[in-house]
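Structural characterization, general
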Amino acid sequence: MTENPAHLDAPEHVRSRINTSQPHTARIWNYWLGGKDNYEVDRAVGDQIRQLHPGIGDYARADRLFLGRAVRHLVADLGIRQFLDIGTGLPTADNTHEVAQRIAPESRIVYVDNDPLVLAHARALLTSTPEGRTDYLDADLRDVDSILEHASKTLDLTQPVALMLLGVVIFIEDDAQAYGLVRELMGKLAPGSYLVLSHTVTHPEMPDVDQAVAFWNEHGTPKLTQRTPEQTARFFDGLEVLEPGVVSCSRWRPEDATDGEPAEVAMFGGVGRKG
């Protein structure tokens, strides 16, 4: 496999922010998903984490499939046409705009991430149907006002929006700040908006996950914060949580349950509606 050269055509100010000597979450996640936007240092640590927890790749895939199912439900069944996707990650197959616009071509999506490598690949997120629109903002989850100001150029914030926070609040260590940011964002969106959130959890029946996260926090960046399933559910306080609740991402409305309930993964997620 070649060392990823795809960022080399990015502007110099973006390239200068990309550290290829230290493993990075987004690139390791990309590696587990079978992508090519990663480096040897990411693959080495990714393999070590997979030795500690062989099922870790299943978590990445379960989270991605959860995104697809949630977006399809929001668009096809609930009429949502606007998405604010914060913590986008590296583009892969079936990004939010691709799933949404496949059903409703007029859908509008704003992506937000502060990873320079994601910024370097942002053009892959800016493809859109002629009827719809996509945009990308280089910003941190904590920059609520600037995110919403920029998003308002593409989205009509007086109408419902689906706020996508998949695997991003795990990077906010302080609980009060993490819960506060989600409340602030949802508080500024119109009634009828939705929160789609996923989070790595700590669970007594999955001790190897804790070992994998501890290894990552010793060797990689940015650091991860695990929360219990109950703590993850707290992000939906004040919202109407859709069935089946905040559950393992693999068990959120699985499309094929003919072989019984899917195996549980330590990535929990849910969808909640603002009244």
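This one's a predicted model, so the numbers in the text were calculated from it and none came from an experiment.

Another aspect to go through is the packing of aromatic side chains. Per the stated rule, a full pass over the model turns up two aromatic pairs. A ring pair is formed by Tyr 179 and Phe 235, whose centres lie 4.4 Å apart and whose planes are at 45°; its orientation type is tilted. A residue pair is termed long-range when its members are at least 10 positions apart, and Tyr 179 in helix α8 (residues 175-187) and Phe 235 in the loop between α10 (229-233) and β6 (240-241) qualify at 56 residues. Looking at Tyr 179, the relative accessible area reads 3%, which means it is buried. One cation-aromatic arrangement involves Arg 234 over Tyr 179; the distance from NZ or CZ to the ring centre is 4.0 Å.

The subject of this paragraph is the packing of helix α3 (residues 40-52) against helix α9 (residues 207-219). At their nearest, the axes of α3 and α9 sit 8 Å apart, and the two run at 155° to each other. Between α3 and α9, the crossing angle belongs to the class labelled roughly antiparallel. Taken as a pair, α3 and α9 cross one another with a handedness that is right-handed. On α9, the residues that touch Val 45, Gln 48, Ile 49 and Leu 52 of α3 are Asp 208, Gln 211, Ala 212, Phe 215 and Trp 216.

Along the chain, Leu 126 falls in the loop between α6 (116-120) and β3 (133-138). Among all residues touching Leu 126, those that are not within four sequence positions of it are Thr 134, Asp 135 and Tyr 136.

This part takes up the side chain of Ser 250. Along the polypeptide, Ser 250 turns up in the loop between β7 (247-248) and β8 (267-273). A polar side-chain atom of Ser 250 sits 2.8 Å from a polar atom in the side chain of Ser 248. A polar contact of 2.6 Å, which involves the side chain of Ser 250, links it to the backbone oxygen of Ala 263. In contact with Ser 250, not counting residues within four places along its chain, are Ala 62, Arg 69, Pro 262, Ala 263, Glu 264 and Val 265.

Before going further, it helps to spend a moment on the pattern of salt bridges. One pass over the full model with this rule turns up 11 salt bridges. With a closest N to O distance of 2.7 Å, Asp 94 and Arg 102 form a salt bridge. Judged by its relative accessible area of 34%, Asp 94 is partly exposed. What makes Arg 102 exposed here is its relative accessible area of 55%. Residue Arg 227 is joined to Asp 175 by a salt bridge in which the shortest nitrogen-to-oxygen separation is 2.8 Å. One end of the pair, Arg 227, is in the loop between α9 and α10; the other, Asp 175, is in helix α8, and 52 residues separate them in sequence. Several salt bridges converge on common partners, so that one network encompasses Asp 145, Glu 184 and Lys 188.

What counts and what doesn't
- Residues numbered from 1 in each chain as written.
- Predicted model: local features only at pLDDT ≥ 70, side-chain atom pairs only at ≥ 80, totals over all residues.
- Heavy atoms only, no water.
- Phe/Tyr/Trp six-rings, centres within 6.5 Å; stacked < 30°, edge-to-face > 60°.
- Helix = DSSP H or I, 4+ residues; strand = E, 2+ residues; numbered from the N terminus.
- Buried < 20%, exposed > 50% of the residue type's maximum accessible area, 1.4 Å probe, protein only.
- Lys NZ or Arg CZ within 6 Å of the ring centre and 35° of its normal.
- Axes fitted to C-alpha atoms, helices over the stretch in contact; angles between N-to-C directions.
- Parallel < 35°, antiparallel > 145°, perpendicular 65-115°, else oblique.
- Left-handed = near helix turned anticlockwise from the far one by under 90°.
- Contact = heavy atoms within 4.5 Å.
- Polar contact = N/O pair within 3.5 Å; in protein donor to acceptor, adjacent residues only side chain to side chain.
- Salt bridge = Lys/Arg side-chain N within 4 Å of Asp/Glu carboxyl O.

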